[in-house]
Amino acid sequence: FPEMVDLTIDLNSFSFESSLGDDEKELEVIRARSNQLTICGCAHAAFLCRISHSLRENAKRHHGSGGNMNDLTLRVGILGLGRIGKQLLTSLLETTGMHPTQINISTRRPETDCSQRGVECYFDNIRLAAWADVLFLCFLPCNLASVGADLRTHLPKHCLVYSFITAVPPKRYTHTHTHTHTHTHTHTHTHTHTHTHTHTHTHTHTHTHTHTHTHLICGVLYSLLNICTSACLASRDTLVLINNLFQLNAPQEFTTQSYINSAHASSLSPDE
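Residues numbered from 1 in each chain as written. Predicted model: local features only at pLDDT ≥ 70, side-chain atom pairs only at ≥ 80, totals over all residues. Heavy atoms only, no water.

Novice: Could you give me a rundown of the nonpolar core, with the residues and numbers involved?
Specialist: Core analysis: the largest hydrophobic core is formed by 44 residues, its most contacted members being V76, I78, L88, L92, F136 and L224. Those elements giving two or more residues to this core turn out to be helix 2 (28-63), strand 1 (76-79), helix 3 (83-95), strand 2 (103-106), strand 4 (134-137), strand 5 (160-163), helix 7 (214-230) and helix 8 (235-245). With eight residues, helix 2 is the largest single contributor of residues to this core. In this structure, L224 is in contact with I51, S52, L55, I242, L245 and F246, ignoring residues within four places of it in sequence. Judged by nonpolar contacts, the second largest core, of 17 residues, contains A129, A132, L135 and V161. (Core = buried A, V, L, I, M, F, W, Y, C linked by side-chain atoms within 4.5 Å. Buried < 20%, exposed > 50% of the residue type's maximum accessible area, 1.4 Å probe, protein only. Helix = DSSP H or I, 4+ residues; strand = E, 2+ residues; numbered from the N terminus. Contact = heavy atoms within 4.5 Å.)

Novice: How would you summarise a negative patch on the surface if you had to cite specific residues and measurements?
Specialist: A cluster of acidic residues, D22, D23, E24 and E26, forms a negative patch at the surface. Here E26 lies in the loop between helix 1 (22-25) and helix 2. (Patch = residues over 30% accessible without salt bridge, like charges linked within 9 Å, V, L, I, M, F, W, Y side chains within 5 Å. Areas by Shrake-Rupley, 256 points an atom, 1.4 Å probe, with all protein chains shown as cover. Salt bridge = Lys/Arg side-chain N within 4 Å of Asp/Glu carboxyl O. Lys, Arg positive; Asp, Glu negative; His and termini not counted. Charge placed at Lys NZ, Arg CZ, Asp CG, Glu CD.)

Novice: Can you lay out the pattern of salt bridges for me, pointing to particular residues and giving the numbers?
Specialist: Throughout the structure, instances matching the rule amount to five salt bridges. Of the charged contacts in the structure, one is a salt bridge between R56 and D133, with a shortest N-O distance of 3.8 Å. Here the residue R56 occupies a position in helix 2, and D133 occupies one in the loop between helix 4 (125-131) and strand 4, the gap between them amounting to 77 residues. Relative accessible area serves as the criterion here: at 6%, R56 is assigned to the buried category. With a relative accessible area of 4%, D133 lands in the buried category. Two residues, R109 and E111, come together in a salt bridge whose shortest N-O distance is 3.6 Å. Considered together, R109 and E111 belong to a single accessibility category, that of exposed residues.

Novice: Which residues make up the packing of aromatic side chains, and what are the values?
Specialist: Counted according to the given criterion, the structure contains six aromatic pairs. Summarising the aromatic geometry, the rings of Y222 and Y259 are spaced 5.4 Å apart at their centres and angled 80° between planes, so their arrangement reads as edge-to-face. On the criterion of sequence distance, the pair formed by Y222 in helix 7 and Y259 in the loop between helix 8 and helix 9 (262-266) is long-range, its members being 37 residues apart. By relative accessible area, which is 9% here, Y222 ends up buried. Among the aromatic residues, those joined into a ring-pair cluster are Y222, F246, F254 and Y259. The positively charged end of R127 is found above the aromatic ring belonging to Y122, 3.7 Å away from the centroid. (Phe/Tyr/Trp six-rings, centres within 6.5 Å; stacked < 30°, edge-to-face > 60°. Lys NZ or Arg CZ within 6 Å of the ring centre and 35° of its normal.)

Novice: Account for helix 5 (residues 144-151), naming residues and giving values.
Specialist: By the burial criterion, the buried members of helix 5 are L144, V147, G148 and L151. Burial along helix 5 is one-sided: seen end-on, the buried residues are contained in an arc of 105°. (Arc of directions from axis to C-beta.)

Quick look at the structure:
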């Protein structure tokens, strides 16, 4: 075998003695910003799961366990266990009140042994997609096409796909895995947050917002509506559950018009 050559021997920037230049020091803020955005994204995801978990538990208590409601336990899947996946897992376990058995992970390295935390870990994207109510995408953008092929025909209609993949336009998600019930979190250097949400009533919402995160809350509310819709709850029962969840009373409570336009709302009966 030929002798190994040190390819960095003449690259001063790779030596331990090399310091950052003035123009490079300006970029140090990017690392801190990246960490901040990761924490912020995980906090949003944990909030969604905590609220969804609470809604399902309330639905079980108030409506029993008949029909499509025999199993309203929230099931969360994490696809990819890199830096963001690990941070997300910690956030879900420590802040949402969910039991570890409610979380499954698909990763190329299941031997990392998440089982010691009570979380089932394996390498089977199709199995995870078919199982999850909420599916978090935490892998590199270069793998989107191959993973999307795995998910294309195996995602349940009620499943919420929540993506942490960066530098991918929202339309590409639905084109890749033909699933329209998707949250995407992308951040730009102008502190703009793009949030896309499509809910099961065929209304599509694309929002761009600042640090108030107002439209993130809108996406969460539609996700809660989808949970109740998949459980075949009537609109009246759905509104009662959601208002109770946020402890809202008239006149501040949500109504049918909070979700859909007045013309369509007037055509619905309370049992629909």
